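Observations on the three-dimensional arrangement
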Amino acid sequence: MRSKTAALALALALGTSLTATGAFFVPHEAQAQSRYSYDMFYDELADHGRWVEHPRYGWVWYPTRVRSDWRPYSEGRWAWTDRYGWYWESYEPFGWATYHYGRWGYDDRYGYIWVPGDEWAPAWVSFRHSDEAIGWAPLPPETLAMTLVSLLSGGRSSGYYRYVDLSEDYYRPRWVFMPTRYFNDPRGYSHAYSWRDNDRYYRQTTNVTNYTIVNNYYVNRSIDPRRWESRTGQKIQTVQVREVNDRREWSNDRRGDNTVRVFHPRVEKDDRKAPPERVRAKADDKPVVTVRPELAAPEERRVGKERQDDNNNKGRMVAPSTDRTAQPDRPRDDTDRNRNTRDNDDK
């Protein structure tokens, strides 16, 4: 008993965590990484979608090689990693960028849009869970200007909690729910429920979103591996992270070696720089996904914002700044960045 207590104390002192098998998240030295500008996103995503200027968010990207009923974070699998907790392992060629930087929103003209960001995480989602179902949904663009750990630590008393709870009708279809037993399955996405059933599964589940910061990186501990193993009788295998410094080395195929290749360079944000003309949407370009304008949140809608910009800026579209220094009312996590951030009300 004393040895277990000492081990736990050591883990907390090092800012680490226990995995399902009792092993530690091992502190590691970050590799020397190259710095990239937003040009990397503009160039690398060009073959898979188009860039368009949004009146609220500036330049955003939408995919063009997906199904009409496509949703973000729907084609891939969750991997329990030794460094970052639950990591979204996308099967899509654009996944290295769009599920680990920035946020997904919904546009009443183009459907799902990706708003670039300069901060990397194993995923940017909210989680819900019950013994029967597990679900996740992309955090909206409004959270780009917030510190996620503090956002969660405020719980339901936080004015920003709605961006994590995602309970409003326009957010509900963004959730991906599936039977709990398929959560760790490589083809679990093939068992996902229709978005039309999301209201039912949302009511049956509890918000368990839980991120912390270890070694200056976000770690996603939203789903307790031990509870999942106990519930399903299955075993979660810890996946080793291999960091690569070249996007071409990133792979969405483990090739049987139980290693996930992660590409997360430092990105220097520049809202003033527009994508080259060749990667922008043309006037007659139409989205592939079926667009349902009513799914856009009030903060995301173009109507009213475009008219306001037209009056105030003589037709020039201006996106609001997401610079953290420009958000004096945002939550902060200066006092305790490694604390458990799960909402106490939802335990």
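An account of the accompanying structure is given in this report. (Residues numbered from 1 in each chain as written. Predicted model: local features only at pLDDT ≥ 70, side-chain atom pairs only at ≥ 80, totals over all residues. Heavy atoms only, no water.)

**Some words on the overall build of the protein chain**
If you tally the helices and strands in the protein chain, you get eight helices and 16 strands. Here the protein chain holds 347 residues, and 52% of them are scored as buried. Taking as baseline every contact in the protein chain between residues at least 6 positions apart, the subset at least 24 positions apart corresponds to 70%. As presented, the protein chain carries roughly 16,300 Å² of accessible surface, and 44% of it is formed by carbon and sulfur atoms. (Helix = DSSP H or I, 4+ residues; strand = E, 2+ residues; numbered from the N terminus. Buried < 20%, exposed > 50% of the residue type's maximum accessible area, 1.4 Å probe, protein only. Contact = heavy atoms within 4.5 Å. Areas by Shrake-Rupley, 256 points an atom, 1.4 Å probe, with all protein chains shown as cover.)

**Brief notes about the sheet that holds strand 8 (residues 125–129)**
Through backbone hydrogen bonds, the strands of a sheet pair up, either in parallel or in antiparallel fashion. Pairing in this open sheet of four strands is antiparallel, and the strands run 10-9-8-11 from one edge to the other. Strands at the two margins of the open sheet, each flanked by one partner only, are strand 10 (176–179) and strand 11 (206–207). (Pairing = 2+ DSSP bridges.)

**A few points about unusual backbone geometry**
With a phi close to 60 degrees, Tyr73 is a non-glycine residue in the positive phi region. For Tyr73, a relative accessible area of 1% puts it in the buried group. In this model, Leu166 sits at a positive phi of 50 degrees, which is unusual for a non-glycine residue. With respect to the element layout, Leu166 can be found in the loop between helix 5 (162–165) and strand 10.

**Side note on the nonpolar core**
Ranked by internal contacts, the top residues of the largest apolar core, which has 75 residues, are Phe41, Trp51, Tyr73, Trp78, Phe127, Trp136 and Phe183. The residues touching Trp136, leaving out its near neighbours within four places in the chain, are Tyr73, Trp78, Trp88, Val125, Ser126, Phe127, Arg174, Trp175, Val176, Met178 and Phe183. (Core = buried A, V, L, I, M, F, W, Y, C linked by side-chain atoms within 4.5 Å.)

**Some remarks on the pattern of salt bridges**
Applying the stated criterion across every chain yields a total of 17 salt bridges. The closest approach of N and O atoms between Arg162 and Glu299, which form a salt bridge, is 2.4 Å. You can see Arg162 sitting in helix 5 and its partner Glu299 sitting in the loop between strand 16 (266–268) and helix 8 (305–313), a full 137 residues away along the chain. Given the relative accessible area of 25%, Arg162 is considered partly exposed. (Salt bridge = Lys/Arg side-chain N within 4 Å of Asp/Glu carboxyl O.)

**Thoughts on the side chain of Ser90**
Looking at where Ser90 falls in the secondary structure, it is placed in strand 5 (residues 85–90). A polar contact is formed between the side chain of Ser90 and the backbone nitrogen of Glu92, at a distance of 3.0 Å. (Polar contact = N/O pair within 3.5 Å; in protein donor to acceptor, adjacent residues only side chain to side chain.)

**A few points about the packing of aromatic side chains**
Overall, the coordinates contain 42 aromatic pairs when judged by the stated rule. With centroids separated by 5.6 Å and ring planes inclined at 55 degrees, the aromatic side chains of Tyr38 and Phe41 adopt a geometry described as tilted. Phe41 matches Tyr38 in its accessibility class, with the two residues each being buried. One Lys or Arg, Arg103, reaches over the ring of Trp124 and ends 3.8 Å from the middle of that ring. Geometry around Tyr202 places Arg128 over its ring, the cationic atom sitting 3.8 Å from the centre. (Phe/Tyr/Trp six-rings, centres within 6.5 Å; stacked < 30°, edge-to-face > 60°. Lys NZ or Arg CZ within 6 Å of the ring centre and 35° of its normal.)

**A look at the pairing of strand 14 (residues 240–243)**
Residues of strand 14 alternate between two faces, with Val241 and Glu243 buried on one and Gln240 and Arg242 left unburied on the opposite face. Sheet topology note: the strand 14/strand 15 (residues 259–262) ladder contains four bridges and is parallel. Each residue of the ladder has a partner; that of Arg242, found in strand 15, is Arg261.

**Structural notes on the environment of Lys235**
As for its placement among the helices and strands, Lys235 is situated in the loop between helix 7 (225–232) and strand 14. C-alpha of Lys235 to C-alpha of Asn184: the two residues are 51 residues apart in sequence and 9.1 Å apart in space.

**With respect to the side chain of Asp107**
As for its placement among the helices and strands, Asp107 is situated in strand 6 (residues 103–107). Classification of Asp107 as buried rests on a relative accessible area of 0%. Reaching out from Asp107, the side chain makes a polar contact with the side chain of His54 at a distance of 3.2 Å. When sequence neighbours within four positions are dropped, the list of residues in contact with Asp107 reads His54, Ile113, Val291 and Arg302.

Worth remembering: the numbers are spatial, not functional.
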